Amino acid sequence: MRFFPHTPADIREMLEACGAATLDDLYSDVPESLRLRRAYDLPASLSEPEVREWFEATASKCSPLVCFAGAGAYDHYCPAVIDAITSRSEYLTAYTPYQPEISQGTLQYIFEYQSMMASLTGLDVCNASMYDGATATAEAMIMAVNAAKRKRRVLVSSTINPEVAQVIGTYARYQGIAVEMIPQKDGVTDRAELELMLGAGDVAGVIASTPNYYGILEDFTGWADLIHKAKALFIINSPALPLAVIKPQGEWGADIAVGDAQTLGMPLSYGGPYLGYMVAAKSLMRKLPGRIVGATTDEKGQRVFVLTLQAREQHIRREKATSNICSNQGLMTLRAGMYLSLMGADGLREVNRLSTDCAHELARRLEATGKMRLSHPAQPFLNEFKMTVADPLTTADILDALRREGILGGVAIDEREMIIACTETRTPAQMDKYVSTVKNL
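Residues numbered from 1 in each chain as written. Predicted model: local features only at pLDDT ≥ 70, side-chain atom pairs only at ≥ 80, totals over all residues. Heavy atoms only, no water.

Attention now moves to a nonpolar patch on the surface. Side chains of L23, L26, Y27, V30 and L34 sit close together on the surface and give an oily, nonpolar patch of about 500 Å² of accessible area. In this fold, L23 is placed in the loop between α1 (8–18) and α2 (48–60). Since its relative accessible area comes to 47%, L23 is described here as partly exposed. (Patch = residues over 30% accessible without salt bridge, like charges linked within 9 Å, V, L, I, M, F, W, Y side chains within 5 Å. Areas by Shrake-Rupley, 256 points an atom, 1.4 Å probe, with all protein chains shown as cover. Salt bridge = Lys/Arg side-chain N within 4 Å of Asp/Glu carboxyl O. Helix = DSSP H or I, 4+ residues; strand = E, 2+ residues; numbered from the N terminus. Buried < 20%, exposed > 50% of the residue type's maximum accessible area, 1.4 Å probe, protein only.)

Our focus in this paragraph is the packing of helix α10 (residues 330–368) against helix α12 (residues 428–439). Packing of α10 against α12 leaves a shortest axis separation of 10 Å and a crossing angle of 20 degrees. Taken as axis vectors, α10 and α12 run roughly parallel relative to one another. Viewed along their axes, α10 and α12 form a crossing whose handedness is right-handed. Where α10 approaches α12, its residues C358, E361, L362, R365 and L366 are matched on the opposing element by M431, D432, Y434, V435 and V438. Of the residues belonging to the contact of α10 with α12, the class tally is 7 nonpolar, no polar and 3 charged. (Axes fitted to C-alpha atoms, helices over the stretch in contact; angles between N-to-C directions. Parallel < 35°, antiparallel > 145°, perpendicular 65-115°, else oblique. Left-handed = near helix turned anticlockwise from the far one by under 90°. Contact = heavy atoms within 4.5 Å. Nonpolar A, V, L, I, M, F, W, Y, C, P; charged D, E, K, R; others polar.)

To continue, consider the nonpolar core. Ranked by internal contacts, the top residues of the largest apolar core, which has 36 residues, are M117, L264, Y277 and V279. When residues of this core are traced back to their parent elements, those giving at least two are α5 (104–121), β10 (276–280), β12 (303–308) and α10. Apart from the residues within four sequence positions on either side, M117 is in contact with C126, A240, L264, Y277, V279 and L340. Grouped together as the second largest cluster of nonpolar side chains are 28 residues, A134, A136, M143 and A204 included. (Core = buried A, V, L, I, M, F, W, Y, C linked by side-chain atoms within 4.5 Å.)

Looking now at helix α7 (residues 162–173). An ideal rise of 1.5 Å per residue puts 16 Å on 12 residues; α7 measures up with 16 Å between its terminal C-alpha atoms. Along α7, the residues classified as buried are V164, I168 and A172. Looking straight down α7, one finds its buried side chains confined to an arc of 75 degrees; they lie on one side. Facing away from the buried side of α7, by more than 90 degrees, are the exposed residues E163, Q166 and R173. Tucked inside the fold, the buried residues of α7 contact α6 (133–148), β3 (153–157), β4 (178–182), β7 (203–209) and β8 (233–237). (Expected span 1.5 Å × (residues − 1). Arc of directions from axis to C-beta.)

As structure tokens, then:
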């Protein structure tokens, strides 16, 4: 609220309804030892114009940077209509659609989102939904262990985003799951090592990613056969947008597709909200966490939408729940569904084409400076790539120089290597400034 909505009369009326005489009575159950008995340490009160001036002055100190960073979050264009519609109060305040008779709009857009994500990933059943790509991947790990029953060992490619790997590790620690990292070779998962690790037995699932942390498109030909022969599940993590132009998880033979849908109409922000998607083979439908919206007909024969297979602790006995995920990230599923609908197949391909052209051109020009080179020149990539900095420069030298020019130049892996990302929002002039800054170091 941009104002204090409750008058003294409103407050008195609410207190009477609660059977309390004063606001302090509302906190009478709080032990005295836990109560704050001093004045709040707050600045002097300000008038409304003064508050606005303070925020404007504070905001003016910020210097937005042109973003060439990626590593899981990307600066794509969001059509204006997405913000216009999702800012409407009926969407902003929507919560879990427990009562289908009054939640048909919410249920329908979740249903449409799930249908589009199933099509995009090439798998059967999508849930709604995970908090972000990292938690979706960790939940998929738990699915694999639950499906395997007695196996509690999971293999994770070391080319996956390290932040995702950390979340997987946190979930595994408290589930009694052993996580082992598959070594990498030339920027991709070492298949020979995978075969050896599968041969040791007791593997419930294998988690890999494409594009991987370095932006490389990994080749998973034959992986599904190897993994399924070991009676394990194959889980592939991918950002959502590239699935419009690369081989989707279902075509690789994956059992579960996971990743972040931030690239589908969600702007960059400090930690979210983002959206984790999870799509699985039909055989795993009852193992999916979160919710599934289904379509049916009512007694009048009209098409209607309902929640189905709500296998989580809020609906069934806690010990039988597949997950404690409680949010369907409804507003974010609406944004993703709108983005996919507005862009269509042609628009999604065009965004990927522009981003890929930008990345390959920037990589070529940066190599021409002699200050940087592609770390894995033989590996294919879309809009993100890893560069190695030439001596005596370091990644800090590069990124600091670019920052002074108003550019967020990428994500440092270590002193010598960094990841750079391009999207359709990057202009030739911005690329020129990036290259000239590096060239002049």
